[in-house]
Amino acid sequence: MARKKKKVPEINASSMADISFLLLIFFLVTTTMDTDSGITRRLPPPVENPEMDVKVKERNIMNVMINKYDKLLVNGRPGDIATLKDQAKEFATPQPGKENAPEVEYKDFELLGRVATNKGVISLKNDRGTSYMMYISVQNELARAFNELRDEMAMQYFHQHFTDLTDKDKIDEISKAIPVRISEAEPEEIK
Amino acid sequence: MAKFKPDGKKEVPAISTGSMPDIIFMLIFFFMVTTSMREVTLRVKMILPQATEVQKLEKKSLVSFIYIGPPTQAKYGTESRLQLDDQYAEVSDVIQFIEKERQARNEADRPLLTTSLKVHEEVRMGLVTDVKQELRKCGAFRITYSARKGETAGK
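Residues numbered from 1 in each chain as written. Chains lettered and ligands numbered in written order. Predicted model: local features only at pLDDT ≥ 70, side-chain atom pairs only at ≥ 80, totals over all residues. Heavy atoms only, no water.

A. Quick peek at the interface of chain A and chain B. On the side of chain B, 55 residues touch chain A, which itself brings 49 residues to the contact. The junction of chain A with chain B conceals about 4,800 Å² of combined surface from both sides, 61% of it contributed by carbon and sulfur atoms. A per-residue breakdown of the area chain A buries against chain B is headed by A:Asp36, A:Leu43 and A:Tyr132, which together make up 18% of the total. Across the chain A-chain B interface, the total number found is two salt bridges. Between A:Arg128 and B:Asp130 there is a salt bridge, with its nearest N and O atoms 2.8 Å apart. Here chain A is connected to chain B by 22 residue pairs in polar contact (both at pLDDT 80 or more). Put simply, the parts of the chain that give the side of chain A that touches chain B at least two residues each are helix H1 (16–30), strand S1 (37–42), helix H2 (81–92) and helix H3 (132–158) of chain A. At 11 residues, H3(A) tops the list of elements feeding residues into the side of chain A that touches chain B. Across the side of chain A that touches chain B, the residue classes tally to 22 nonpolar, 16 polar and 11 charged. Inspection of the sheet shows S1(A) paired to strand S2 (residues 55–56) of chain B by two bridges, in the antiparallel sense. Within S2(B), the position partnered with A:Ser37 by the bridge is B:Lys56. (Contact = heavy atoms within 4.5 Å. Buried area = accessible area lost by both parts, 1.4 Å probe. Salt bridge = Lys/Arg side-chain N within 4 Å of Asp/Glu carboxyl O. Polar contact = N/O pair within 3.5 Å; in protein donor to acceptor, adjacent residues only side chain to side chain. Helix = DSSP H or I, 4+ residues; strand = E, 2+ residues; numbered from the N terminus. Nonpolar A, V, L, I, M, F, W, Y, C, P; charged D, E, K, R; others polar. Pairing = 2+ DSSP bridges.)

B. Geometry of the packing of aromatic side chains. Enumeration according to the criterion identifies seven aromatic pairs over all chains in this entry. Ring geometry for B:Phe65 versus B:Tyr67: centroids 6.1 Å apart, planes at 25°, classification stacked. Ring geometry for B:Tyr76 against B:Tyr88: centres 5.1 Å apart, planes inclined by 65°, an arrangement best described as edge-to-face. Residue B:Tyr76 is found in the loop between strand S3 (63–69) and strand S4 (81–84), and its partner B:Tyr88 is found in strand S5 (residues 87–89); the two are separated by 12 residues along the sequence. Judged by relative accessible area, which is 37%, B:Tyr76 ranks as partly exposed. Given the relative accessible area of 18%, B:Tyr88 is considered buried. Lying across the ring of A:Phe158, A:Lys170 places its NZ or CZ 4.7 Å from the centre. When the ring centre of B:Tyr88 is taken as reference, the NZ or CZ atom of B:Arg81 above it lies at 4.7 Å. (Phe/Tyr/Trp six-rings, centres within 6.5 Å; stacked < 30°, edge-to-face > 60°. Buried < 20%, exposed > 50% of the residue type's maximum accessible area, 1.4 Å probe, protein only. Lys NZ or Arg CZ within 6 Å of the ring centre and 35° of its normal.)

C. Examining the sheet that holds strand S4 (residues 77–79) of chain A more closely. All names here are of chain A. Ordered in space as S4-S3-S2-S7-S8, the five strands form an open sheet in which the pairing is mixed. Unpaired on one side and paired on the other, S4 and strand S8 (182–184) mark the two borders of the sheet. Each strand of the sheet is rotated relative to its neighbour by a mean of 30°, with strand direction disregarded. Across three bridges, strand S2 (residues 61–66) lies against strand S3 (residues 72–74) in antiparallel orientation. Each residue of the ladder has a partner; that of Val64, found in S3, is Val74. The strands that H3 touches are S2, S3, strand S7 (121–126) and S8; relative to S7, the one it contacts most, it runs at about 175°. (Axes fitted to C-alpha atoms, helices over the stretch in contact; angles between N-to-C directions.)

D. Examining the pairing of S1(A) more closely. Sheet topology note: the S1(A)/strand S7 (residues 142–146) of chain B ladder contains five bridges and is antiparallel. By the bridge assignment for S7(B), A:Gly38 is matched with B:Ser146.

E. Looking closely at the confidence of the model for chain B. Residues and elements named next belong to chain B. Per-residue confidence for chain B averages 84 on the pLDDT scale, and 89% of its residues sit at or above 70. Per-element averaging of pLDDT across chain B places helix H1 (residues 20–34) at the bottom with 81 and strand S6 (residues 114–119) at the top with 92. For this predicted complex, the interface score ipTM comes out at 0.76, alongside a pTM of 0.78. (pLDDT = per-residue confidence, 0-100.)

Following this line, the structure appears as structure tokens:
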């Protein structure tokens, strides 16, 4: 059978742009650029025997409580969210030789040298009725206190903001020199 | 010297649209790469609280989400509920959920698994505390409280 050579007609490419536009619009609509952000914390491991309480000296603890009306109690006195950051910052600053301030421990670091680190722990307690918004506000203020301290230290030693540091060793050492010590107690009722 | 001759009608040459598909394709690839499709349909209302000290979550593939908030549909009441994956769940289901999330990752990544708590700002802490206790029990210690960047409430 003698077949005639058929010419394959050229495919019209002018609709290519339309097709790709369609795809483009699809991806434009489904895309979500927002990256997730939040306050990172580490939960403590479960307590094995609840009777054995770890004794911490009173001067090493800053008590922050939030009741179900979202009111604050800081070290037994009514507190305010506006001043909480400064209180936490003062507490977390190492103050060698001061009587009521938390104890100070000297540690040696490779880049920082001998640095006084604070042994204080911020104890955060909340009621079951506390609103999440308030809880996050308090966590945020406490985080801000530590971030400011770290920033000051980074400025003092490396003349850079803490957030601008890129060297992992520097970040690690400052994080160890100013550890975020926030302890969350076992849940209990707060009046 | 060239003269500026006022030659009446000079036709503007047609702009070639031949490269249009290429340009669009380039844009497509950009969006294809950056896109991340929504994995779950939210069944709880979600207004995240605001905070100033937020950090970006680094590895999205290593994050599992727990949603807590009042149901979106009125027929489920107004009491805050827990959502895991696509459905409502009880606090006791959290351990199983974390175990499942762990199984889905390869072994090297498992210790790095972070749990992101996405909680509506009006939820009471009781439910959140219960979830946190469950997370402690199953050893998922790395958590983040999801928040938007902005001034905190209560100021």
